[in-house]
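Chain residues, written in single-letter form:
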Amino acid sequence: MIALLLTILGPLAASFWITAIRRKIGYAALTGSLASLTGSVLLFLYMLEGQIITVTFAGLPDFPFRLEATELSVVLALVVSTVTTLIFIYAIGYMAEEKGKLRFWSGISLFLGAMQLLVLAGDWILFVMAWEIIGFASYLLIGTWYWKKEASDASNKAFIMNRVADLGLYIGVFVIILTSGSSRIAAEPLQGISMAGALALLLAVMGKSAQVPFQSWLSAAMAGPTPVSALLHSATMVAAGIILLLKAFPLFSPDALIWVGTVGGVTILLTGATAIFSEDIKRMLAASTSSQLGFMVLAIGAGYPAAAIAHLIAHAFMKSSLFLGAGIFQHETGSTKYGKLGGAGKKLTLTFSGFAVAGLALAGIPPLIGFWSKDAILTAGLRANPAAWYFTAALTGAFFTAVYMGRAFGILWKGKVRPNKKSQQRSLPWMHTGLLTLVTAVAAGGLFLDPLIEEAGFIIPKETLAMISGLVVAAAGLVVGWFATAPAYKKRIWMFFRDNYQLAGGYNRVIVQPMLVLAKDFNSFETSLLKAVFGIGITFLAIARWVSKVIDRATAYVIDWIGIFNMNIARMSSFTDDKGIVEGIAGLVDSVQRLGHYGRKIQSGLVHRELAWSVYGMVFAFIIILLTYL
Amino acid sequence: MDFSSIPLLTITTFLPIVGALVVMVLRPKKTETAYGIGIAITALTLLFTILIWVRGFGPGLSQIEEFSWIPSIGIAYRLGIDGISFPLVLLTALLFLSALIFSAKIKENANIFIQLVLMLETACLGVFLSLDLFLFYVFFEITLVGMYFVIAKWGHEHRKKAALTFFIYTLVGSLFLLLAFLALYLFSDPNTFDMRQLIANPTLTGLAATLTFWGLFIAFAIKTPLFPFHTWLPLAHTEAPAAGSAILAGVLLKLGTYGFIRFPLLMTPDAFREFAPYVIIIAVFTALYGAFVALAQTDIKRMVAYTSVNHMGYLVFGVAIAAVTTTSSGMIALDGAVLQMISHGVVTGVLFLLIGALQDRTQTRDMAEMNGLLKAYPILGWLFIVAAFASLGLPGLAHFPAEFQIFLGGFDVYPVAVGIIIIGLPLTAALYLRAIQKVFLGTLPEGFSGVSDLNQRELWAIVPLIAVTVIIGVYPNSLLSLIHATTNFFGL
């Protein structure tokens with residue numbers, strides 16, 4: 001139990017420390033991630049002994065919160081904390097030269113804690129909580145340099161797009177809870193969920209894992225610091241979508257899985273093409289992330305979660321290495337544009353070799369880790385139904401991957417080296433430590449992938465045909481990419497690929513503008529409603545004023561008339577010479593006249609009186625209306 | 001005297017007004033002394049509410065305190081508490097304390113201001129604790145008077161207009177409430193104003209029940225408010241002083257929502273069930289309408305005011321779901337609705353206080369005129385960001401458990417309605433992110449020279465509320481266990 005809490009609370013405590021104490025922030029964050037790593041290693045060891053640790057505590061009535069270290073979640077937690085710790089080491093170097101350290105470190109620690117919570121969540125409500133907190137942390141991280149318009153726009157875009165897709169998660173979780181009567185994440189549920197529920201969950205996956213058409217927030221998110229990208233794109237954030245699919249996989253019907261496979265396949269192809277036509281190394285990597293996650297979604301759609309897990313783990317190491325390498329190039333040249341990066345690889349050979357190993361792995365070259373996981377996915381495609389679609393999509397995607405990686409190598413290596421200055425980067429040791437350790441994992445990880453997946457309770461599918469075809473397209477793709485380095489893609493059609501298929505204007509047109517237009521319309525309606533209400537109020541006030549004036553005059557008239565009448569009587573009575581009667585009547589007149597004065601006071605135009613009258617009038621009108629309609 | 005026989009509820013209710021009398025008699029020359037008394041009294045009141053909690057109460061109405069008042073027509077002084085009213089009492093005590101601490105900068109007529117606020121607190125506590133229609137009505141009306149003067153005297157530029165609108169509007173509501181109460185009284189057998197009797201055996205049927213239901217509905221829909229009765233809200237919230245807005249949004253709106261649960265849901269349940277679909281349509285529309293209109297605002301305070309409309313839409317939706325179904329889904333939704341009252345009270349209260357602090361510094365509420373303030377006021381800015389994310393429903397903060405339960409319960413009965421109403425979630429996200437981006441992110445204007453970040457007084461008012469937001473978000477069961485016991489007891 002302590003191991004479980006350590007895994008989650010370690011980074012959260014670090015985040016709190018950083019916000020409140022503000023000292024040794026980088027090291028505090030590193031300590032937090034090491035605590036998380038220790039916790040997950042302990043969990044792994046317990047698991048090897050056959051212990052599954054669960055913790056249940058009070059959540060919502062009838063739906064307790066639950067943490068459960070299942071085989072799968074322990075393996076994932078281990079991967080998450082390993083990758084993150086290495087990125088943290090790198091980031092100590094990277095952030096030394098950047099602004100916004102405090103926000104960065106507290107945000108990224110929160111992020112890690114939330115990610116571990118997501119991985120280890122044993123009930124759906126806790127899962128949703130972790131999911132959303134990850135979104136919040138990514139908002140903070142992307143906006144680390146909040147004074148830049150680009151950064152704050154990107155963080156808003158990421159959060160809102162995810163929020164839209166998250167509606168799917170809410171609906172999906174409602175369906176799960178109401179179908180099963182429990183919020184527990186069951187490994188072997190008694191019954192599946194409806195098609196609508198499955199599609200809702202798929203929507204959430206598409207948002208978080210940047211699947212088409214939600215892929216554009218991911219490239220915009222490049223506005224954040226590079227370690228953030230490395231983290232977001234590897235074991236966390238985007239991986240959350242895949243973890244959702246893995247946890248919900250047992251609930252999906254075969255019909256629903258076809259949709260999953262379709263989304264994955266389409267994303268592989270479209271975003272793979274985007275990566276090929278990118279003119280910016282980070283944007284290329286971002287598009288590549290969508291595409292690689294598409295592979296995982298595809299594998300789950302094909303019914304082989306094992307392949308997805310293998311690729312999730314492999315991709316976590318490969319993509320974080322690539323980003324870390326790209327970050328070093330960026331610090332060197334001050335840019336992420338291919339145009340400025342030409343030849344940077346020759347200058348920073350160590351970085352370049354790390355980058356190259358990770359890139360070759362991503363392309364699927366043996367014996368690197370990516371070869372094994374891609375092979376698993378191709379096999380899943382071969383065995384799926386319809387194999388034609390799944391396998392073709394996966395194979396084409398593998399070719400695309402090799403092309404864009406080959407192209408990146410070509411540009412980094414072949415360009416002209418800017419001769420003059422020697423590298424100025426002081427913090428390279430930290431950065432290289434992080435990068436090279438990750439690359440080692442990429443190089444040697446292939447050996448451990450099989451046993452690790454078996455510990456998680458799955459078996460990686462393998463087939464010779466898949467292996468051979470994968471190798472062929474990888475080699476072909478790398479060659480094509482190496483020679484296709486020219487930035488000759490100025491034609492509109494390629495721009496269209498490159499800019500994430502801004503059909504109908506993209507996110508701005510499809511989500512933001514309709515929202516703002518509707519808001520404007522509602523607001524103008526609201527304004528006229530306010531005017532109308534005040535109009536009614538003023539009208540009633542005017543009526544009340546008028547009525548009171550009329551009543552005032554009428555009473556005055558009547559009273560005067562009564563007075564005169566009485567006077568006349570009195571005059572008449574004077575003929576009778578009866579003094580007693582005369583006095584009595586005079587007294588009566590007097591009192592009536594005084595009454596008249598009193599009455600006039602009621603109608604005297606005091607604002608409050610009129611208000612009261614208007615209120616009563618309004619209520620009366622309301623009641624009449626109500627009664628006539630009921 | 002043993003602990004269980006102390007009339008804690010009465011003491012809690014009338015402690016603030018006693019404090020007001022003390023201020024009235026002493027007429028402290030220094031405003032510090034006056035605020036000292038006021039803050040001490042509100043803190044003591046909070047302590048007494050916690051004592052009520054410590055003493056414990058059952059799922060049903062308990063800790064009853066009853067004295068004969070006008071026996072000939074069955075009016076009595078009756079107070080009591082359960083899991084629905086207690087969280088509100090706690091919220092009231094907490095928010096008034098914060099509001100008074102925050103207001104300590106008001107120097108003009110401070111004595112009268114403190115007296116009014118304390119009177120208002122007694123009235124609010126009285127509303128939540130009353131178990132007698134007549135007593136409830138009296139307290140309900142007194143809240144109006146207190147708030148009217150707070151807005152009219154200490155508000156911003158259009159305060160007179162705002163106060164008057166608020167007053168007239170809610171007075172109209174009160175008249176409907178009076179009629180409905182009379183109906184409840186006249187149709188009960190034997191005639192009584194005792195709310196426990198009226199809840200235990202709701203006797204109204206047919207047209208009388210229908211009319212009573214709609215009377216109650218209009219009264220509370222104005223107070224809550226629901227579309228189209230919400231038009232008093234933006235003006236009153238925007239023009240009131242910061243502490244006034246916090247109390248108005250935090251506590252006074254809850255008089256309406258509390259009323260929805262205590263009266264129509266428990267006293268005219270059949271009529272409510274019959275008309276619940278209409279209420280649901282109104283609630284869904286209110287929620288989206290509030291969100292959209294808020295999105296279009298340029299005045300940050302007005303924007304937050306409209307998000308209240310949105311949140312109240314969710315809340316009434318939850319209550320209506322509870323009216324429709326007697327399954328556990330209804331209970332889930334009602335649990336969520338009750339918790340939503342507290343969450344909204346705390347979160348919106350703190351947002352208004354923060355905006356008050358912001359306005360004190362920038363002298364404007366127009367978002368277009370502010371930029372990059374996170375650099376100038378980091379503490380203010382970060383607290384605002386946390387509160388804003390709480391308001392948009394981020395898990396780990398107060399609104400999430402409430403809204404999640406409302407939607408979960410509702411989804412069982414009206415999945416389509418939930419499908420529509422949750423569009424409000426990305427909308428509120430968008431509007432808060434937009435506000436944060438405009439006001440706090442970006443770069444500070446050249447040559448910006450502002451006063452310093454939040455001071456001690458402001459921190460003492462704001463930080464406890466933020467802490468409560470986090471506690472409710474992380475450990476919702478702290479309140480939900482109380483709430484759930486009561487909703488379970490009423491078999492809702």
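Residues numbered from 1 in each chain as written. Chains lettered and ligands numbered in written order. Predicted model: local features only at pLDDT ≥ 70, side-chain atom pairs only at ≥ 80, totals over all residues.

What exactly am I supposed to notice about the overall build of chain A here?
Across its full length, chain A carries 24 helices and two strands. Of the contacts made within chain A by residues no fewer than 6 positions apart, 81% connect residues no fewer than 24 positions apart. (Helix = DSSP H or I, 4+ residues; strand = E, 2+ residues; numbered from the N terminus. Contact = placed C-beta atoms within 7 Å.)

Help me understand the overall build of chain B, please; the structure alone is not making it clear to me.
Secondary structure assignment for chain B yields 20 helices and two strands. Expected size for 492 residues packed as a compact globule is a radius of gyration near 23 Å; at 21 Å, chain B falls within 12% of this value. Projected onto its principal axes, the C-alpha positions of chain B cover 75 × 60 × 40 Å. The buried share of chain B, reckoned over its 492 residues, is 65%. Considering only intrachain contacts with a sequence separation of at least 6, the fraction spanning at least 24 residues in chain B is 80%. (Rg over C-alpha atoms; globule rule 2.2 N^0.38 Å. Buried ≥ 20, exposed ≤ 12 C-beta atoms within 10 Å, placed from the backbone.)

So what exactly am I meant to see when it comes to the pairing of strand β2 (residues 75-81) of chain B here?
Alignment of strand β1 (residues 62-70) of chain B against β2 of chain B, held across six bridges, turns out to be antiparallel. Opposite E66 of chain B, over in β2 of chain B, you have R78 of chain B as the bridge partner. (Pairing = 2+ DSSP bridges.)

Can you help me understand the interface of chain A and chain B in this one?
Tallying the contact residues gives 43 residues for chain A and 44 residues for chain B. Looking at the side of chain A that touches chain B, the elements with two or more residues in it are β1 (54-60), α5 (124-142), α6 (149-180), α22 (506-574) and α24 (607-629) of chain A. Looking at the side of chain A that touches chain B element by element, the count peaks at 13 residues for α6 of chain A. Class assignment for the residues of the side of chain A that touches chain B results in 32 nonpolar, six polar and five charged. (Nonpolar A, V, L, I, M, F, W, Y, C, P; charged D, E, K, R; others polar.)

Before we go on, may I ask you to explain unusual backbone geometry in this structure?
Negative phi values dominate among residues other than glycine, just as trans dominates among peptide bonds. Residue and element names in this part refer to chain B. For the bond running from T224 to P225, omega is -10°, close enough to zero to count as cis. Counting through the fold element by element, P225 comes out in the loop between α8 (206-223) and α9 (232-239). F227 connects to P228 through a cis peptide bond whose omega is 0°. Structurally, P228 can be placed in the loop between α8 and α9. One non-glycine residue, R27, lies in positive phi territory at about 40°. Within the secondary structure layout, R27 lies in the loop between α1 (8-26) and α2 (31-55).

For this particular structure, what's the right way to read helix α12 (residues 300-324) of chain B?
Because an α-helix completes one turn every 3.6 residues, residues spaced three or four positions apart along the sequence face the same direction. Helix length check: α12 of chain B, at 25 residues, gives a terminal C-alpha distance of 37 Å against a target of 36 Å (1.5 Å per residue), a fit within 8%. In terms of residue burial, α12 of chain B counts as a mostly covered element, since 25 of its 25 residues are buried. (Expected span 1.5 Å × (residues − 1).)

Teacher, can you tell me more about helix α15 (residues 378-391) of chain B here?
Residues and elements named next belong to chain B. The terminal C-alpha atoms of α15 lie 20 Å apart, and with 14 residues this matches the ideal 20 Å at 1.5 Å per residue to within 8%. Buried residues dominate α15, accounting for ten of its 14 residues. Along α15, the residues that are buried comprise L380, G381, L383, F384, I385, A387, A388, F389, A390 and S391.

Hey, could you run me through the packing of helix α12 (residues 281-301) of chain A against helix α17 (residues 369-383) of chain A in this one?
The angle between the axes and the distance between the axes are what describe a pair of packed helices. Residues and elements named next belong to chain A. As a packed pair, α12 and α17 sit with axes 9 Å apart at the nearest point and diverge in direction by 40°. As summarised for this structure, α12 and α17 are arranged oblique, according to the angle between their axes. α12 and α17 meet at a crossing whose hand is left-handed. Only I377, A380 and G381 of α17 make contact with α12, whose side of the interface consists of F295, L298 and A299. (Axes fitted to C-alpha atoms, helices over the stretch in contact; angles between N-to-C directions. Parallel < 35°, antiparallel > 145°, perpendicular 65-115°, else oblique. Left-handed = near helix turned anticlockwise from the far one by under 90°.)

What am I meant to see in the environment of F57 of chain A here?
Residues and elements named next belong to chain A. Locating F57 in the fold gives a position in strand β1. Given 11 C-beta atoms within a 10 Å radius, F57 is considered exposed. C-alpha of F57 to C-alpha of L120: the two residues are 63 residues apart in sequence and 14 Å apart in space. Among all residues touching F57, those that are not within four sequence positions of it are P64 and F65.

How should the packing of helix α6 (residues 159-187) of chain B against α8 of chain B be read in this particular structure?
Residues and elements named next belong to chain B. The interhelical angle for the contact between α6 and α8, taken along N-to-C directions, is 150°, at an axis separation of 8 Å. By the angle between their axes, α6 is roughly antiparallel relative to α8. The handedness of the crossing between α6 and α8 comes out as left-handed. Contact residues: α6 offers Y169, T170, V172, G173, S174, F176, L177, L179, A180, A183, L184 and F187, while α8 offers A208, L211, T212, G215, L216, I218, A219, I222 and K223.

Is there a simple way to explain the nonpolar core in this structure?
In globular proteins that are soluble, nonpolar side chains generally tend to be buried together. Among the nonpolar cores identified, the biggest contains 434 residues, and L118 of chain A together with F317 and L354 of chain B are the most heavily contacted of them. Among the elements that make up this core, the one with the highest residue count is helix α13 (residues 328-362) of chain B (19 residues). In this view, L118 of chain A contacts F127, A130, W131, I134, A240 and I243 of chain A; residues no more than four positions away in its chain are not counted. (Core = buried A, V, L, I, M, F, W, Y, C linked by C-beta atoms within 7 Å.)

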